[in-house]
Amino acid sequence: MTRIMPKPAVSGGLGRIRTAVPVTLLLLGIACTGPGVTRGVRGALPPARPGAPVPRATRARLALPARVAVELTSVARAPEVAIVDSTGTFRRVTAAGDAVRLDAEPPREEVIVRGPVRIGEALHRGDVRVTGGARGELRTIIEIGLEDYVASVVAAELPIWSAEPAELEAQAIAARTFAVTALRARRAAGADLVLTDGVLDQAYCGAYEGTSSAGAARAQRRLEAAVRATRGLVLMRGDSLEEARYHASCGRHTANFADVFADEVRELGAVGPTGVHCRPCATRAAAEQANGAPDATRPLGWIARLEPGDLERAGAALGLDGPVTLLAPARVDDAGRWLEVHVAGPDRALRVEPFDDLRAAIGYGVLKGSAIVTTLPRPGRPIGAEGLTVQGRGRGHGVGLCQEALRDLAREGWSAARILRHYYPGTRLERLPVARD
Ligand SMILES: [Zn+2]
């Protein structure tokens, strides 16, 4: 779902520093007695009224975490992490066996530096916690307020300089909902209640800083206004949070959650959106077809050329006896998205595998989506030493909100609520209270 990862602007200092608050535990899905507003809407965003009582009939079992933990996966591979703390002091955390050491201090289990902090060029409006592992690696985790996290995700997922308010608001609601459902799934699985900053979860690269120009300052104000307007708002399906997946572009029609995330349906009982027609993508796809070429600035179509080495790697990942020598669709959804494929190795024994396993083996950046237009050699024909060319349309898993269409529909005047209602049919918006720490 990562589309755009803008480099945070560099500023001289930490700027708008907030008072540091203690690291708190995550509280998810607990009984809530605190203030808050829970209200479903159909046409517009519910007003933010944090002081209003929760209506009796909808007194929430669900509550949002006040803070979330986000692991910086790129920093984790470094032998040390350099942090500028909230006083502007440069601090260095290094591995010390399976522990960590802050500057010259003795090793300890974990180091917490109160925020906001700067790591590299990125400003994080939260505390940073660094722990050590058995192999001397570092885990660098930002403990950050949920709404600050949402603002950072929106800034990383959208080109916010040119984004309409409805675009920012819809993305904020989807990002907030996604974060909470991801953490709940992790809790159910007994895993760490930690989000990551990469494609496995949502793009996060620190706070957006509108310090480089008047335009950047305006963009920051629009971003903050959108997050404020949607504060606490999530997508609900019945009594549950929606699986609010989103992706860069669907190509023409979005995918069924149950088709793409069948494991989560089976193992966690997860429920998500069904596929819907996507007019902006369909229009663009028709134009690309008529022109015989992808759009120059916002292409839907893509071509991947898989070399013999790629096919070798894919064969190994799928457990074949050598490189992939045959590929053909086995199960296709209504939009032409390949869900399962027939594959064979040199022994020509056909097997059925999830297409996503092939994408994972070859790289999501190479096979950008699963709506495949055609391949060369054609599907089912032997693949030789020349490799395989795959032509597709759309980027990402195709489930839920289509960011490509989000931009177009917001410019047409659609509200965030209307856009979300279209891409997550059968859901409603609710403003959930925040759990007390
Ligand atoms: Zn679309």
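Cut-offs and rules
- Residues numbered from 1 in each chain as written.
- Predicted model: local features only at pLDDT ≥ 70, side-chain atom pairs only at ≥ 80, totals over all residues.
- Heavy atoms only, no water.
- Helix = DSSP H or I, 4+ residues; strand = E, 2+ residues; numbered from the N terminus.
- Buried < 20%, exposed > 50% of the residue type's maximum accessible area, 1.4 Å probe, protein only.
- Contact = heavy atoms within 4.5 Å.
- Areas by Shrake-Rupley, 256 points an atom, 1.4 Å probe, with all protein chains shown as cover.
- Core = buried A, V, L, I, M, F, W, Y, C linked by side-chain atoms within 4.5 Å.
- Domains from an automatic or database assignment.
- Pairing = 2+ DSSP bridges.
- Polar contact = N/O pair within 3.5 Å; in protein donor to acceptor, adjacent residues only side chain to side chain.
- Donors = N, O, S within 2.8 Å, 3.2 Å for Na, K, Ca; no water.
- Tetrahedral: all angles 85-135°; square planar, octahedral: opposite > 155°, others 65-115°.

Asks: What is the right way to read the overall build of the protein from this model?
Replies: Within the protein, the secondary structure is distributed over 11 helices and 21 strands. Considering the protein as a whole, with its 437 residues, one finds that 52% of them fall into the buried category. Within the protein, residue pairs in contact and separated by at least 24 positions form 68% of the contacts whose partners lie at least 6 positions apart. Accessible surface, the protein: about 19000 Å² in total, of which carbon and sulfur atoms supply 54%.

Asks: What am I meant to see in the nonpolar core here?
Replies: Proteins that are soluble and globular tend to have nonpolar side chains buried together. Grouped together as the largest cluster of nonpolar side chains are 78 residues, with contacts concentrated most on Ile 83, Ile 119, Tyr 149, Ile 160, Tyr 423 and Tyr 424. Ranked by residues supplied to this core, first place goes to helix α3 (residues 165-188) with 12 residues. Of the domains in this structure, domain 1 (56-244 + 427-431) and domain 2 (245-399) are the two that each give at least three residues to this core. Contact partners of Tyr 149, with chain neighbours within four places excluded, come to Val 68, Val 70, Ile 144, Ala 179, Leu 195, Gln 202 and Tyr 204. If you look at the next biggest cluster of nonpolar residues, it comprises 21 residues, including Ala 304, Leu 311, Phe 355 and Ala 361.

Asks: Hey, could you run me through the side chain of Arg 245 in this one?
Replies: Relative to the assigned elements, Arg 245 resides in the loop between β12 (240-241) and β13 (246-247). Filtering out sequence-adjacent residues up to four positions away, Arg 245 remains in contact with Phe 178, Phe 257, Phe 261, Glu 264, His 397, Val 399, Gly 400, Leu 401 and Tyr 424.

Asks: When you look at the sheet that holds strand β21 (residues 428-431) in this model, what are you seeing that I'm missing?
Replies: In any sheet, the strands associate via hydrogen bonds between backbone groups, in a parallel or an antiparallel arrangement. Taken in spatial order, the 3 strands make up an open sheet running β12-β11-β21, and their pairing is antiparallel. Where the open sheet ends on each side, the last strands, each with one partner, are β12 and β21. Two elements, strand β11 (residues 233-237) and β12, share 2 bridges in a ladder whose sense is antiparallel. Its bridge partner being in β12, Met 236 is matched across the sheet by Leu 241.

Asks: Just checking my understanding: could you explain the side chain of Thr 230 for this structure?
Replies: Tracing the backbone through its elements, the reader meets Thr 230 in the loop between α4 (214-229) and β11. In this structure the side chain of Thr 230 is engaged in a polar contact, spanning 3.1 Å, whose partner is the backbone oxygen of Ala 226.

Asks: So what exactly am I meant to see when it comes to the coordination of the zinc ion here?
Replies: Ideal geometry at a metal centre gives angles of 109.5 degrees when four donors are arranged tetrahedrally and 90 or 180 degrees when six donors are arranged octahedrally. In the first shell of the zinc ion, the protein supplies Cys 250 (SG), Cys 278 (SG), Cys 281 (SG) and Cys 402 (SG), at 2.3 Å from the metal. Around the zinc ion sit 4 donor atoms, and with donor-metal-donor angles ranging over 100 to 119° the site reads as tetrahedral. All donors of the zinc ion come from a single chain, and their spacing in sequence reads C-x27-C-x2-C-x120-C.

Distances and angles like these do not, on their own, reveal function.
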